[in-house]
Amino acid sequence: MLLMFFATWVLKKTLKQEHVAFSRRRLFTLGEDRMGMASKETIDLRSDTVTLPTEEMLEAIRHAELGDDVYGEDPTVKKLEEMAAEKIGKEAALLVTSGTQANLVSLMNNAKRGDLVFLEAESHIYWYEGGGVSAIAGLLPWLVKGHWGAIKPEDIEAAIRPKNIHFPEPSLICIENTHNRYGGTIVTPTQMRAISEVAKKHGLKFYLDGARIFNAAVALKTNVREFTKHVDNLMFCLSKSLSCPVGSVVVGDQQFIEKARKTRKVLGGGMRQAGIIAATGIVALEKMIDRLEEDHRNGRRLAEGIAKIKGVKVDLEAVQTNMVRFDMSALGVSDQLFVQKLRERGVLVSVMDKNSIRMVTHRGIEKIHIEKAINAIGSVAEEAHSKTKA
Ligand SMILES: Cc1ncc(COP(=O)(O)O)c(C=O)c1O
């Protein structure tokens, strides 16, 4: 009896250790796979959100000093927030769970329910955030079409109506930089300044969805503050091209961030030992920004490569950072079939609109993967041409 009890105890302990070892291995293997894609694996160009944490990030998690951040007691979160505020050139910052939550918190804090918010017509806030701008923030989106994301100041001026009992109160202008739906295009600091002048003239707040603002800064070889100085507040994402597993940061003045902290809590975003997330963000701010240049180089390589393929149309001027969008309508196959054929060849991409495909370069995607992706697209195009001829 005693022997059986002992044997069961040993078995349970071994299984438990095996399980822990397996989970760890899996985490690391995934990390290694991502970096060592060159040989066998899938080339995932759907988004830069698929990046896995670096070894250094995983180590930073393991050694992070932790506390309860809802009590304001997590030293690692505090460090990240101070670093982010400093880098962006504002007074304070707040770690939040996602880009969507960052935008929502900021919308709610920059405007009151029933107000009107000017959004660029192709903005992420309008297209991809579940309508939170209206459903939760209670704002009325007023769309202004921009060129590659840059709204012309005169178009906002024209959209602002005089004070009148019939009209909703405008209170906020939001822009996005780099611009996702236009394929990673940059709104230049000069363009941002022009928009900020309209905002000031009409007493409106100016907010930046800067999910990939560091891509813009690196691409123009300029300090990120050249962009951020024109807005009242903004957010940037840690979990995209900066390679963190989770998180975004809202940045603004002290008062705005204090209010945002409360709003984040209301939205269920108060996190306890959030230092395990912040630890990766610190590594990202220290080590992951300069390397974005490599993603941009690969983006250009990819765009130039596919531009030579018959039936594929890519606007090379719009390829400014780590995204490439192309039109494949001339191939005579559906976008879904095109994506499936690429998947069969080990390349993952996403459909943005009908016949419009998006690819995003990121850490772990190297020159060799770009070449393979170009070959795969060429081969699918070839197959489509031969089918049309037959
Ligand atoms: C421009 C932009 N803003 C916001 C978000 C939302 O970020 P998240 O997916 O972390 O909610 C994204 C996500 O792709 C984005 O591209």
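Residues numbered from 1 in each chain as written. Predicted model: local features only at pLDDT ≥ 70, side-chain atom pairs only at ≥ 80, totals over all residues. Heavy atoms only, no water.

Caption draft 1: Spotlight on the overall build of the protein. Per the secondary structure count, the protein includes 15 helices and twelve strands. When burial is assessed residue by residue, the protein has 52% of its 390 residues classed as buried. Within the protein, counting contacts between residues at least 6 apart in sequence, those at least 24 apart form 75% of the total. Only carbon and sulfur atoms are counted for the fraction: they give 56% of the accessible area of the protein, which is about 18500 Å². (Helix = DSSP H or I, 4+ residues; strand = E, 2+ residues; numbered from the N terminus. Buried < 20%, exposed > 50% of the residue type's maximum accessible area, 1.4 Å probe, protein only. Contact = heavy atoms within 4.5 Å. Areas by Shrake-Rupley, 256 points an atom, 1.4 Å probe, with all protein chains shown as cover.)

Caption draft 2: Geometry of the pattern of salt bridges. In this structure the tally under the stated criterion is 24 salt bridges. Two residues, Asp44 and Arg46, come together in a salt bridge whose shortest N-O distance is 2.6 Å. Judged by its relative accessible area of 7%, Asp44 is buried. On the accessibility criterion, Arg46 (33% relative accessible area) is partly exposed. A salt bridge links Lys341 to Glu383; the shortest N-O distance between them is 3.3 Å. Separated by 42 residues along the polypeptide, Lys341 in helix H14 (residues 335–344) and Glu383 in helix H15 (residues 367–389) bring together distant segments of the chain. Under the relative-accessibility criterion, Glu383 is labelled partly exposed at 24%. Overlapping salt bridges bring together Glu122, Lys145, Arg181, Arg325 and Asp353 as one network. (Salt bridge = Lys/Arg side-chain N within 4 Å of Asp/Glu carboxyl O.)

Caption draft 3: Main features of empty space enclosed by the protein. For the structure on display, the rule yields one cavity of 30 Å³ or more. Taken as a whole, the largest cavity spans an internal volume of roughly 40 Å³. Forming the boundary of the largest cavity are Ala211, Arg212, Ile213, Phe214, Asn215, Cys237, Ser241 and Leu242. When residues of the lining of the largest cavity are assigned to their parent elements, the largest contribution, three residues, is made by helix H9 (residues 213–219). When its residues are assigned to classes, the lining of the largest cavity shows five nonpolar, two polar and one charged. (1 Å grid on protein atoms, 1.4 Å probe; cavity = no way out; pocket = protein on both sides within 12 Å on 5 of 7 lines; lining within 4 Å. Points joined across faces, edges and corners; volume = space filled by probe spheres on them. Nonpolar A, V, L, I, M, F, W, Y, C, P; charged D, E, K, R; others polar.)

Caption draft 4: Quick look at the site of the ligand. Taken together, 13 residues lie near the ligand, and Gly99, Thr100, Asn180, Asp209 and Lys240 sit nearest. At a separation of 2.6 Å, an oxygen atom of the ligand approaches a polar side-chain atom of Thr100. Here His124 contributes a side-chain N or O atom positioned 3.5 Å from an oxygen atom of the ligand. Protein chains bury 84% of the 390 Å² of accessible surface belonging to the ligand in isolation. Among the elements that take part in the shell around the ligand, helix H4 (residues 99–110) stands out by supplying three residues, more than any other. (Near = heavy atom within 4 Å. Polar contact = N/O pair within 3.5 Å; in protein donor to acceptor, adjacent residues only side chain to side chain.)

Caption draft 5: Just the packing of helix H2 (residues 55–63) against helix H12 (residues 275–288), in detail. For the pair H2 and H12, interaxial distance at closest approach is 8 Å and the crossing angle is 140°. Relative to H12, the element H2 is oriented oblique. Two packed elements cross with a definite hand, and for H2 against H12 that hand is right-handed. On the side of H2, the interface is formed by Glu56, Met57, Ala60 and Ile61, while H12 contributes Ile276, Ala279, Thr280, Val283, Ala284, Lys287 and Met288. Class assignment of the residues belonging to the contact of H2 with H12 gives a composition of eight nonpolar, one polar and two charged. (Axes fitted to C-alpha atoms, helices over the stretch in contact; angles between N-to-C directions. Parallel < 35°, antiparallel > 145°, perpendicular 65-115°, else oblique. Left-handed = near helix turned anticlockwise from the far one by under 90°.)

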